[in-house]
Amino acid sequence: HHQILREQYLGCVQGLALGDVLGAPYEGGPLERALWWCLGKTKQGLPRWTDDTQMSINLLESLLDLQGIDQEDLAQRFALSYHWTRGYGPSAAKLLKRIRKGQAWQSASRAIHPQGSFGNGAAMRAPVLALFYPQDRVQLIQATERSAVVTHAHPLAIAGATIISLATQDMLHRRNLEEILANTLSFCRESGAQAFVKKLEAARTLLVKQGEVKAPDIRRQLGNGITAVDSCLTALYLALRFRDAPFMEMIECAIKLGGDTDTISTMAGALWGAYNGDESLPPLDFEEKGHLHQLALAVFERMQTKIDAQLAS
Ligand code: R7I
Ligand code: MG
Ligand code: MG
Ligand code: MG
């Protein structure tokens, strides 16, 4: 089997942030795009990333510092990093402000929607979990749920996040298309998320179809929205379709879909990068690229003994 490489860890994190940066100018409608035109550059003139990357950084730093999922620590980091200029989802913004004022995450996460949010905010940060749990499927599923519920307690948000973290694990192992579809399907069946099962079948049909697949068909069948159900399998589809093609072709396709372009590009970008490695990514600079590189490297070095042990056994 395949030995997971350092470049793949770097590629996952850089692909995630780059997807976010490239997708962000096209998210939502004309008003949101005009707003990002004003907010989308750092003082140095570099393209900025959004909430997707911010929460992924929070998760990476928390996992590195506390050697596992600490939900209280995660809640504090998410809340302290919240800033309106990062384009958080409306419910997520309210929730994080509540935590910042001292409310416990357990009640804040159910204060806006009683079952918790079913937005894609837990899925957009889920790729980095696979970097900490690269081998064990059950441990990764548990870690994804514990990380998701801090902000996204709804079963559909948790299921979407788990589809993305498991698919990232599969991409790190460079598993083939049929294996990845089968692994995703068995998780969807286990989790009882029927909405995902239907969309996964549609994704499979689009992936094996001969000839060109048009953006309106992808949008209609898989979705392009800010909920987990309307975005996670779209991102998985894009990553699988374009994983042997240039990164920018995938991003251009994600942008054509419209809707939640930053988050779909974030998830697809992380999956693509986990498969191909950072050296295949376009050499574009963006906000805190060096810091993201350092974080990915630190995780790889932490995990290296585990990865090597698996290889030896
Ligand atoms: O999921 P979340 O953190 O982020 C979603 C998107 C991403 O694209 C980010 O890039 C950012 O742009 O926003 O945001 P949430 O606010 O938790 O969820 C997104 C939206 O889904 C909510 O604002 C609601 O409109 C909707 N939603 C629900 N609607 C009804 N009932 C989420 N959960 C519910 C629900 O239970
Ligand atoms: Mg965003
Ligand atoms: Mg937004
Ligand atoms: Mg988004």
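Right, let's walk through the structure included here.

Cut-offs and rules
Residues numbered from 1 in each chain as written. Chains lettered and ligands numbered in written order. Predicted model: local features only at pLDDT ≥ 70, side-chain atom pairs only at ≥ 80, totals over all residues. Heavy atoms only, no water. Near = heavy atom within 4 Å. Polar contact = N/O pair within 3.5 Å; in protein donor to acceptor, adjacent residues only side chain to side chain. Areas by Shrake-Rupley, 256 points an atom, 1.4 Å probe, with all protein chains shown as cover. Helix = DSSP H or I, 4+ residues; strand = E, 2+ residues; numbered from the N terminus. Axes fitted to C-alpha atoms, helices over the stretch in contact; angles between N-to-C directions. Parallel < 35°, antiparallel > 145°, perpendicular 65-115°, else oblique. Contact = heavy atoms within 4.5 Å. Donors = N, O, S within 2.8 Å, 3.2 Å for Na, K, Ca; no water. Tetrahedral: all angles 85-135°; square planar, octahedral: opposite > 155°, others 65-115°. Buried < 20%, exposed > 50% of the residue type's maximum accessible area, 1.4 Å probe, protein only. Salt bridge = Lys/Arg side-chain N within 4 Å of Asp/Glu carboxyl O. Patch = residues over 30% accessible without salt bridge, like charges linked within 9 Å, V, L, I, M, F, W, Y side chains within 5 Å. Lys, Arg positive; Asp, Glu negative; His and termini not counted. Charge placed at Lys NZ, Arg CZ, Asp CG, Glu CD.

### Some points on the site of ligand 1
- Every one of the 21 residues lining ligand 1 counts as a neighbour, but S91, S117, H152, D260 and T263 are closest to it.
- D52 places a polar side-chain atom, nitrogen or oxygen, 2.9 Å from an oxygen atom of ligand 1.
- Separating a nitrogen atom of ligand 1 from a side-chain N or O atom of H113 is a distance of 3.3 Å.
- For ligand 1, whose free accessible area comes to 690 Å², the fraction covered by protein is 82%.
- Where the shell around ligand 1 is concerned, the elements lending two or more residues are α3 (51–66), α5 (90–100) and α15 (261–276).

### Thoughts on the packing of helix α1 (residues 6–23) against α3
- Viewed as axis vectors pointing N to C, α1 and α3 meet at an angle of 155°, and their least axial separation amounts to 9 Å. Classified by the angle between their axes, α1 and α3 sit roughly antiparallel to one another. For the pair formed by α1 and α3, the contact residues are V13, L16, A17 and D20 on the first element and D52, T53, S56 and L60 on the second.

### So, the coordination of the magnesium ion (ligand 2)
- Here the magnesium ion (ligand 2) is held by the protein donor atoms T50 (OG1), D51 (OD), D52 (OD) and D262 (OD), which lie 2.1 to 2.3 Å from it.
- Sequence positions of the residues that donate to the magnesium ion (ligand 2) give the spacing T-D-D-x209-D.

### Section: the coordination of the magnesium ion (ligand 4)
- Distances from the magnesium ion (ligand 4) to its protein donors, namely E27 (OE), D260 (OD), D262 (OD) and T263 (OG1), fall within the range 2.1 to 2.5 Å.
- Here the magnesium ion (ligand 4) is ringed by six donor atoms whose angles at the metal span 78 to 171°, and the overall shape comes out irregular.
- Donor residues for the magnesium ion (ligand 4) sit on one chain with the sequence pattern E-x232-D-x1-D-T.
- The metal-metal distance between the magnesium ion (ligand 4) and the magnesium ion (ligand 2) is 3.5 Å, with D262 coordinating both. Residue E27 is found in the loop between α1 and α2 (30–39), and its partner D262 is found in helix α15; the two are separated by 235 residues along the sequence. Considered together, E27 and D262 belong to a single accessibility category, that of buried residues.

### Some remarks on the pattern of salt bridges
- In total, this model carries ten salt bridges according to the counting rule given.
- One salt bridge connects D73 with R77, and the closest N-O pair in it is separated by 2.6 Å. Taken together, the positions of D73 and R77, both in helix α4 (residues 71–81) and four residues apart, correspond to about one turn of that helix.
- Overlapping salt bridges bring together D65, D73 and R77 as one network.

### Notes on a positive patch on the surface
- A surface patch of positive charge is lined by K94, K97, R98, R100 and K101.
- One can find R100 in helix α5.
- Assessed through its relative accessible area of 43%, R100 is described here as partly exposed.

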